[in-house]
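# Examination of the molecular architecture
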Amino acid sequence: MKIRVGQGYDVHKWVEGRPFILGGVEIPSDFGPLGHSDADLVCHALCDALLGAANMRNIGYHFSDTDPMWKGVASTLLLKKVMEMIRDKGWEVGNVDVTVVLDRPKLNPHIPSIKENLAFVMDIDIDQISVKATTSEGLGFVGRAEGISAMAVALIQAK
C-alpha cells in the first residue's frame, strides 16, 4: 500500500472582536484570530498537512492571502477544495490529527462538534479525525494571549 504523511502548522494574531472559528465551528469568545479568510487555524493546518502529504505545496500557494477572492472566505471551503484536489490525484485520507495550542478559552467542550463538522466537510469517518487542545502553560506569544497556533498531521493513502 502506498502511503504518505504531511505536516501542517498555522499561527494567527489574537485580536478583540473577531469571530473565533475552529473546524468550521464558532467558539464563544471575545477574541478571535486575525486573518485574510475566517482564520480557522484547524482548517489551515489540515490543508497544509494534506497538501504536503500529496506533494502539492501549501495553502498559500493555492489560496493566496493577497487574492481578494479569498477575503473572508470560510476555511471549510478551502479544506473541501483541498480534499477534492488530493482525491483528483488518487489519494484518500487515512487519518488526521490536529493539536490547537491556546490558554483560553477552553476547547474540550467544543471538540466533538469540531470533529463532526470536519468529518462532514472532508467526507471521511469521524474515527479518522483526532482533535486535541493543549495550553502553553502561560509561556510565549500564546501565553501572553498575543496569538494562537495549531499543528496537524495527515496520513494519506493511494486509492
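Procedures and definitions
Residues numbered from 1 in each chain as written. Predicted model: local features only at pLDDT ≥ 70, side-chain atom pairs only at ≥ 80, totals over all residues. Heavy atoms only, no water. UniProt positions renumbered as here; feature names shortened; annotations may be inferred. 1 Å grid on protein atoms, 1.4 Å probe; cavity = no way out; pocket = protein on both sides within 12 Å on 5 of 7 lines; lining within 4 Å. Helix = DSSP H or I, 4+ residues; strand = E, 2+ residues; numbered from the N terminus. Contact = heavy atoms within 4.5 Å. Polar contact = N/O pair within 3.5 Å; in protein donor to acceptor, adjacent residues only side chain to side chain. Phe/Tyr/Trp six-rings, centres within 6.5 Å; stacked < 30°, edge-to-face > 60°. Buried < 20%, exposed > 50% of the residue type's maximum accessible area, 1.4 Å probe, protein only. Pairing = 2+ DSSP bridges.

## Regarding the UniProt feature "binding site: a divalent metal cation" (unreviewed entry) in the protein chain
According to UniProt, the positions carrying the feature "binding site: a divalent metal cation" (unreviewed entry) are Asp-10, His-12 and His-44. Spanning 35 residues, the annotated positions come together in the fold, the maximum distance between their C-alpha atoms being 10.6 Å. None of the other annotated residues line the largest pocket; only Asp-10, His-12 and His-44 do. Locating Asp-10 in the fold gives a position in strand β1 (residues 3-16). Beyond its immediate chain neighbours, meaning those up to four positions away, Asp-10 contacts Leu-41, His-44, Ala-45, Ile-148, Ser-149 and Ala-150. Within the structure, the side chain of Asp-10 is placed 2.9 Å from the side chain of His-12, a separation counted as a polar contact. Along the chain, His-12 turns up in strand β1. The contacts of His-12, once residues within four sequence positions are left out, are Pro-33, Leu-34, Gly-35, Ala-39, Leu-41, His-44, Glu-146, Gly-147 and Ile-148.

## Focus on the packing of aromatic side chains
Applying the stated rule across the entire model yields three aromatic pairs. Both rings, one in Trp-14 and one in Phe-20, keep their centres 4.8 Å apart while their planes meet at 85°; by these two values the pair is edge-to-face. Accessibility expressed as a relative area gives 1% for Phe-20, which makes it buried. Summarising the aromatic geometry, the rings of Trp-14 and Phe-31 are spaced 6.5 Å apart at their centres and angled 20° between planes, so their arrangement reads as stacked. Separated by 17 residues along the polypeptide, Trp-14 in strand β1 and Phe-31 in strand β4 (residues 31-33) bring together distant segments of the chain. You can call Trp-14 buried: its relative accessible area is 10%. Under the relative-accessibility criterion, Phe-31 is labelled partly exposed at 33%. Here the aromatic cluster, defined as three or more aromatic residues joined through ring pairs, consists of Trp-14, Phe-20 and Phe-31.

## Looking at the pairing of strand β5 (residues 91-101)
In summary, the side chains of a regular strand alternate between the two faces of the sheet. Of all the eleven residues making up β5, eight are buried; the element is thus mostly covered by neighbouring parts of the structure. Where β5 and strand β7 (residues 147-158) come together, ten bridges link them in antiparallel fashion. Note on β7: the bridge partner recorded for Asp-97 is Val-153. Here β5 runs beside strand β6 (residues 129-134); their pairing, made up of six bridges, is parallel.

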